[in-house]
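Per-entry structural report
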Amino acid sequence: MRENLKAIKELVGPQVSILPVIKSEAYGHGLIPIAKVLAAEGVYGFGLSDLEEVQRIREAGLALPVILLSGFEPSWLPEIVRLRVIPAVIDLYQLRLLAEFSKRQGKKVALHLKIDTGMNRLGIHPSELDQALSLLEDNPQLELSGVMSHLAAGEHPRAVITRQQKALFEEALKEIKRRGFRPRFIHLANSAACILDAKARYNLVRPGLALYGVYPGPEARKKIKLKPVMTYKARVLSVKEVAKGEGVGYGPLYRSQGPMKLALVPVGYDDGYLRALSNRGFASLKGERVPVVGAVSMRCTAFDVSALKDVSPGDEIVLLGGEGGEVPVEELAARAGLISYELLCLLGRKVSKIYLRSS
Ligand SMILES: *Cc1c(COP(=O)(O)O)cnc(C)c1O
């Protein structure tokens, strides 16, 4: 991950600050260890979504700025102020709540205004910008320290939707400046936009996926070299021979085409190894690709290891990643009709983790 961060820094240059997105347990990689490494490497702050994760960051002694990217629940307000969190305000309702709360407390609160430029989810619509800015003018205890938006298709910089979003963002920025505001940070780019589109970087970028070494689409491969951070391993529990024509697992979703050898691995959908990988997933055992056969169940998955001479209980099997990238997350996810984000989040959730430092 340190190398990925370095590659991103080199790409965007020293005038662009980095806000690593570490929401959802750092995409399954483990919130605190990841945050500590990033803080030591030098980043502006952290992008998060949950108050609970912010609290853990602060409890771990990390004092860097935290931006809550996806709005907040009203009940979070006291903690937002106490923990010096910078909320991205996602609608007029939240802006009013924040204004009232900060006024009552007599506290100055910094915020970023999230503009909805076309995703039609979180953000203040351009037609509401005037109201939002008036509210800010009337509440000098609120400090507009940033303006942001989020792209629906950052991996397609030339798509109509992206061009429209960028144009709307520019218009909003112009209006905000015209009204006399001078926000310190302007940001729009997720990993894809940060890698593919220099114009989307402004002075802060919000990479998530790329930090964890996953390419946000094939175009990105030509622009940056990333290394997968997560490797997910298990040990073979049992090895067994199956005759021709036998069903394997629930359903059975698979029937053997001839005599075959199976490795049973004690990993299943409870571990994030989704049932969607049934008959579609693959792993790496002794450097060979071995396919999932039959249904992935709660705590057991069968792999066809017929092509391997010796397989024994206790052998290590790489289910994702690997030192040589034997099981790329992009490929495994695509096989199951998932996106890389889902696999990382799910696989990383529950298992015990070991952190290795290369240098
Ligand atoms: C999660 C998130 C990101 C990170 O996106 P990646 O595609 O993982 O780089 C960036 N910005 C916002 C607002 C997010 O919610």
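Right, let's walk through the structure included here. (Residues numbered from 1 in each chain as written. Predicted model: local features only at pLDDT ≥ 70, side-chain atom pairs only at ≥ 80, totals over all residues. Heavy atoms only, no water.)

Concerning the side chain of Thr301
Convention followed: Only DSSP runs of H or I with at least four residues qualify as helices, and only runs of E with at least two residues qualify as strands; both kinds are numbered from the N terminus onward. Polar contact is defined as a pair of N or O atoms within 3.5 Å, subject to the rule that within protein one atom must be able to donate a hydrogen and the other to accept it, and that residues adjacent in sequence are counted only when both atoms are side-chain atoms. In what follows, a contact means two residues having at least one pair of non-hydrogen atoms within 4.5 Å.
Structurally, the position occupied by Thr301 is in strand E16 (residues 301–304). From its side chain, Thr301 meets the backbone oxygen of Val267 in a polar contact 2.7 Å long. When near neighbours in sequence (up to four residues on either side) are disregarded, Thr301 contacts Ala263, Leu264, Val265, Val267, Gly268, Tyr273, Val292 and Val296.

Notes on the site of the ligand
Spelled out, the test is: Definition of nearness: a residue and a molecule or strand are near each other if at least one heavy atom of the residue lies within 4 Å of the molecule or strand. Here the open area of atoms and residues is found with the Shrake-Rupley method and a 1.4 Å probe, where only the protein chains shown may cover a residue. Each residue receives one of three labels: charged for Asp, Glu, Lys and Arg, nonpolar for Ala, Val, Leu, Ile, Met, Phe, Trp, Tyr, Cys and Pro, and polar for the others, Gly being one of them.
For the ligand, the set of nearby residues contains 13 residues, the closest of which are Lys23, Tyr27, Ser191, Leu209 and Tyr341. With respect to the ligand, the backbone of Gly208 contributes an N or O atom lying 2.9 Å from an oxygen atom. Within the side chain of Tyr341, a nitrogen or oxygen atom sits 2.6 Å from an oxygen atom of the ligand. Relative to its free-state accessible area of 390 Å², the ligand is covered by the protein chains to the extent of 93%. A breakdown of the residues in the shell around the ligand according to their chemical character gives six nonpolar, four polar and three charged.

Some remarks on the packing of aromatic side chains
The line we're drawing: Stacked, tilted and edge-to-face pairs are distinguished by plane angle, under 30 degrees for stacked and over 60 for edge-to-face with tilted covering the rest, among Phe, Tyr and Trp rings (Trp via its six-membered ring) whose centres lie within 6.5 Å. Working definition: with a 1.4 Å probe on protein chains only, accessible area under 20% of the residue-type maximum means buried, over 50% means exposed, and in between means partly exposed.
Applying the stated criterion across every chain yields a total of five aromatic pairs. Pairing Phe169 with Tyr202 gives two aromatic rings, centres 5.4 Å apart and planes at 85 degrees, and the pair type is edge-to-face. Placement of Phe169 in helix H8 (residues 160–178) and of Tyr202 in the loop between helix H9 (191–196) and strand E8 (204–205) is noted, with a sequence separation of 33 residues between them. Tyr202 gets classed as partly exposed once you look at its relative accessible area, which sits at 24%.

Considerations on helix H6 (residues 92–105)
Our working rule: To estimate how far a helix should reach, multiply one less than its number of residues by 1.5 Å.
When the terminal C-alpha atoms of H6 are compared, their 20 Å separation across 14 residues agrees well with the 20 Å that a helix rising 1.5 Å per residue should span. Within H6, burial applies to Leu92, Gln94, Leu95, Leu97, Leu98, Ala99, Phe101 and Ser102. As for H6, its buried residues are in contact with helix H5 (77–82), strand E4 (85–89), strand E5 (109–114), helix H7 (129–138) and strand E6 (142–148). Residue Asp91 occupies the N-cap position of H6, its side-chain oxygen lying 3.3 Å from the main-chain nitrogen of Tyr93. Following H6 by one or two positions, Gly106 has its phi on the positive side, about 65 degrees.

Structural notes on the pairing of strand E13 (residues 260–265)
Heads up, the condition is: Note on pairing: DSSP must find at least two bridges between two strands before they are called paired.
Counting buried positions along E13 yields six of six residues, so the element is predominantly enclosed. Across five bridges, the pairing between strand E10 (residues 238–242) and E13 is antiparallel. Looking at the pairing, Val239 lines up with Ala263 of E13.

Quick notes on the sheet that holds strand E7 (residues 185–189)
Rule in force here: Helix axes are fitted only over the stretch in contact, all axes being lines through C-alpha atoms; the angle between N-to-C directions runs from 0 to 180 degrees.
On the basis of which strands lie adjacent, the open sheet formed by eight strands has the order E1-E8-E7-E6-E5-E4-E3-E2 and parallel pairing. Where the open sheet ends on each side, the last strands, each with one partner, are strand E1 (17–18) and strand E2 (46–48). For E4 and E5, the ladder comprises two bridges, and the chain directions are parallel. Bridge pairing in E5 places Val89 opposite Leu113. Running over the sheet, H6 touches E4, E5 and E6 and is turned about 145 degrees from E4.

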